[in-house]
Amino acid sequence: MNNLGAVAARSQEFDEAQRLYDEAMKLAQTIDYRPGLSLSLLNLGTLAHWRGDAEAALHLAQQAMPVTQEINDHRNLAWALVNLGNAHLGLGHYAEAARHLHEAVRLALALRAIPRALAALTSIAALKAQTGNPAQAVELATFCLAHAASQKETRRDAATLLDKLTPQLPSAAINAAQAQANTKTLEQIVAALPIAW
């Protein structure tokens with residue numbers, strides 16, 4: 001059910017995805033299958049984020065965290081941290097968003113889960129845009145958009161952010177930020193992020 005829900009979500013059939021994820025979650029709860037429950041909660045949290053429902057996304061991410069930790073699933077823990085960060089970002093809780101997103105990047109890189117790290121970096125770009133650093137947001141979004149390991153959703157989010165920021169900045173600032181992004185490695189991009197917010 002989770003796989004079918006993912007197909008529906010990626011086709012932007014959100015109501016069908018919701019139905020399938022809910023069904024998968026109920027089944028996982030009925031048979032007490034913790035990995036399935038974790039996956040369902042993560043999928044539902046991501047879907048809530050895509051729908052712009054930050055409150056629901058936060059609630060689902062908070063439910064997913066302990067289940068994911070309990071089964072010691074580090075890859076999905078990085079996903080749960082991205083979901084928490086996105087939910088806090090949507091609610092304007094910038095320090096909490098930064099904390100969770102930075103932890104997601106750190107964990108994803110340690111696991112060599114590069115697509116998840118890039119998803120977190122794209123969310124950090126959105127955070128930078130909302131907290132007064134649009135040039136760094138452009139650099140991060142440009143990097144994530146161009147990276148070969150970025151997933152479709154990450155590319156979409158990065159492109160949307162760039163479309164939003166481009167009219168707000170002078171062409172020279174956009175060009176400089178994009179040039180910076182094109183000369184850096186993932187490690188250099190991450191090293192340039194502030195340790196604390």
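In what follows, the accompanying structure is described.

Parameters at a glance
Residues numbered from 1 in each chain as written. Predicted model: local features only at pLDDT ≥ 70, side-chain atom pairs only at ≥ 80, totals over all residues. Heavy atoms only, no water. Helix = DSSP H or I, 4+ residues; strand = E, 2+ residues; numbered from the N terminus. Rg over C-alpha atoms; globule rule 2.2 N^0.38 Å. Buried < 20%, exposed > 50% of the residue type's maximum accessible area, 1.4 Å probe, protein only. Patch = residues over 30% accessible without salt bridge, like charges linked within 9 Å, V, L, I, M, F, W, Y side chains within 5 Å. Areas by Shrake-Rupley, 256 points an atom, 1.4 Å probe, with all protein chains shown as cover. Salt bridge = Lys/Arg side-chain N within 4 Å of Asp/Glu carboxyl O. Contact = heavy atoms within 4.5 Å. Core = buried A, V, L, I, M, F, W, Y, C linked by side-chain atoms within 4.5 Å.

### Focus on the overall build of the protein
Moving on, step 1. Within the protein one finds 11 helices and zero strands.
Moving on, step 2. Computed over the C-alpha atoms, the radius of gyration of the protein is 17 Å, within 12% of the 16 Å expected from 2.2 N^0.38 for a compact globule of 197 residues.
Moving on, step 3. Taken along its principal axes, the extent of the C-alpha atoms in the protein is 55 × 30 × 30 Å.
Moving on, step 4. In the protein, which comprises 197 residues, the proportion classed as buried is 47%.

### Some remarks on a nonpolar patch on the surface
Moving on, step 1. Residues Leu27, Ile31 and Tyr33 make up a contiguous nonpolar surface patch of about 330 Å² in total accessible area.
Moving on, step 2. Along the chain, leucine 27 falls in helix H2 (residues 14-30).

### A word on the side chain of glutamate 139
Moving on, step 1. Note that glutamate 139 resides in helix H8 (residues 134-146).
Moving on, step 2. Classification of glutamate 139 as buried rests on a relative accessible area of 12%.
Moving on, step 3. Excluding anything up to four places from it in sequence, glutamate 139 contacts Ala177, Gln180, Ala181, Lys184 and Ile189.

### Regarding the nonpolar core
Moving on, step 1. In terms of nonpolar packing, the biggest core is built from 65 residues, with Leu41, Leu118, Leu121, Ile124, Val138, Leu140 and Leu186 touching the most fellow members.
Moving on, step 2. Other than its neighbours up to four places away in sequence, leucine 140 contacts Leu121, Ile124, Ala125, Lys128, Ile189 and Leu193.

### Quick notes on the environment of leucine 101
Moving on, step 1. By the secondary structure assignment, leucine 101 is in helix H6 (residues 94-110).
Moving on, step 2. Look at leucine 101 and you get buried, because its relative accessible area is 0%.
Moving on, step 3. Linking leucine 101 and asparagine 86, residues 15 residues apart in sequence, is a C-alpha distance of 7.9 Å.

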